[in-house]
Amino acid sequence: MLVHVLFAAVLAVGSAQTPANTFPDGFLFGCATAAYQVEGAWNEDGKGESIWDHMLHEHPEYGNNGDNGDVTCDSYHKYKEDVQMLKAINADVYRFSISWSRILPTGDIDVINQPGIDYYNNLINELLDNGIQPVVTMYHWDLPQALQYLGGWPNGLIADYFVEYARVLFDNFGDRVKWWITFNEPGVFVSGYAEVGTAAPSQPAPGIGDYLAIHTLLRAHGRVYRLYDQQYRATQNGSVGITLNIQNIEPASNSTEDLEAVDRYMQFEDGIFAHPIFSEDGDYPAVVRQRVDANSEAEGRPRSRLPTFTQEEIEYLRGSADFFGLNHYRTYYAAAGETGPVPSKRRDSGAYTISSNENNPAGLRKILNWITAEYPGYPIFVTENGYGDSGGLNDTGRVEYLTNYLSALLEAINTDGVEVLGYTMWTLMDNMEWTSGFSIKMGLYEVDFDSVNKTRTPRLSAYAMSEIFESKQLPVLN
Ligand code: FCB
């Protein structure tokens, strides 16, 4: 355990801990990262190009300062150091993602890249040797570019490729990986098919391509869950879920219109993914179906821009998760109104956000309760939550943010009775924050990107989390 003095200066730890300050037995603490953001080695040892490699090489202007993930934290070479950093903060779990094109450079199983398999085997074994369980995201936004040349997620066939990729993962790593997340934040990565320059592949067909992508990835998720059920669960005995980013939405005013806009916004952003998987009825939320169908008809289209599931698809998707992965960062304020291009998902929703607030821990508690009420019966794993700033080791803002959000999480568990399995904060170390590049710092460890060794240094927040992760208790604030 790291010894420190700074943390004690910020938070005075009370001697008599009450149960209200204590996380349940078996609660899992750790950190999250993603392959493109930390690995580097973008074309080493047979790795294929991903859509993020491709987009930021072709269009450096979409990024910050021309930043990209070519080298970033160099975790491909420094994973042993990363594991020691996790151990130093008493992490129970490490959530990382697998780069599809590092394992399958063509996206298909015609080429299985052994050095890629070796890398993840080494990482997994190193974690387990140090008493840390892997939580593995199969897809954190980095589609093999070879599959983008086939159209990427809007092409329904990509679901077949994803199922084959998942089979390779279960076959090679499933003996040791017990926590699987199919997709990270689909709501964000489908915007790569709706907008220019915000997310790869930047192939905009708003209100069409993003719905097609949603349809494909949901089918892919359901099929991978059923594959695990039928061929792996009995021997591997793990859990399979999906991670959605659900922010807390408050009405911009007290008007009935804005109050109604909150629910519509959430159904278009969150329910569109959660309802087919976690609701009792399955399928897309009624309000989404009805509004996109009506707009498509009014536009004179022969079909809805939102595809329809077959009955068989509805059935295999319904209940296709062992847990609900939640990424939560902040609160947004939503208003009623038609904004965004014609057509677009935003316009279909008839709602938009006007501002946000990152300092509202009560929002996390509210969302945990919302999920439990909307989709009862699924334990929640908080797979991301974290704080960005411009750097510095004395990150009191991050300590405060994390402690306050953990406190709200604990209230949801201990007072409201929400079942939460664990919490992997974002993020272990500063990394490549997508189109924001290296300008935003979110790590418990600072990374010196100018140094050859990509030197990692613990921040105040690393010491703070090491205490919480070890004691499974929150400090009592003075
Ligand atoms: C989430 C992403 C993650 C990271 C954090 C800050 O939306 O899943 O990769 O960028 O935001």
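For the structure, see preceding data.
Residues numbered from 1 in each chain as written. Predicted model: local features only at pLDDT ≥ 70, side-chain atom pairs only at ≥ 80, totals over all residues. Heavy atoms only, no water.

(A) Quick peek at the site of the ligand. Surrounding the ligand, one finds Gln37, His140, Trp141, Asn184, Glu185, Asn327, Tyr329, Glu384, Trp426, Glu433, Trp434 and Met442. Measuring from an oxygen atom of the ligand, one finds a side-chain N or O atom of Gln37 at 2.7 Å. Interatomic distance of 3.0 Å between a side-chain N/O atom of Glu384 and an oxygen atom of the ligand. Compared with its free state, where it exposes 290 Å², the ligand has 90% of that area covered by protein. Considering only residue class, the shell around the ligand consists of five nonpolar, four polar and three charged. (Near = heavy atom within 4 Å. Polar contact = N/O pair within 3.5 Å; in protein donor to acceptor, adjacent residues only side chain to side chain. Areas by Shrake-Rupley, 256 points an atom, 1.4 Å probe, with all protein chains shown as cover. Nonpolar A, V, L, I, M, F, W, Y, C, P; charged D, E, K, R; others polar.)

(B) Up close: the sheet that holds strand β9 (residues 351-357). Pairing in this open sheet of three strands is mixed, and the strands run β6-β8-β9 from one edge to the other. On the outer flanks of this sheet lie β6 (248-251) and β9, each paired with one strand and no other. The mean angle between the axes of side-by-side strands here comes to 35°, regardless of whether they run parallel or antiparallel. Lying on the sheet, helix α15 (residues 361-374) is in contact with β6 and β8 (331-336); it crosses β6 at an angle near 100°. (Pairing = 2+ DSSP bridges. Helix = DSSP H or I, 4+ residues; strand = E, 2+ residues; numbered from the N terminus. Axes fitted to C-alpha atoms, helices over the stretch in contact; angles between N-to-C directions. Contact = heavy atoms within 4.5 Å.)

(C) Expanded view of the environment of Gln247. In this fold, Gln247 is placed in the loop between β5 (239-245) and β6. Look at Gln247 and you get buried, because its relative accessible area is 14%. Along the primary structure Gln247 and Asp293 are separated by 46 residues, whereas in three dimensions their C-alpha atoms are 26 Å apart. Discounting residues that sit within four places of it in the chain, Gln247 has contacts with Met266, Asn327, His328, Tyr329, Arg330, Tyr332 and Ile367. A polar contact is formed between the side chain of Gln247 and the backbone nitrogen of Tyr329, at a distance of 2.8 Å. Looking at Gln247, its side chain comes within polar contact range of the main-chain nitrogen of Arg330, at 3.2 Å. (Buried < 20%, exposed > 50% of the residue type's maximum accessible area, 1.4 Å probe, protein only.)

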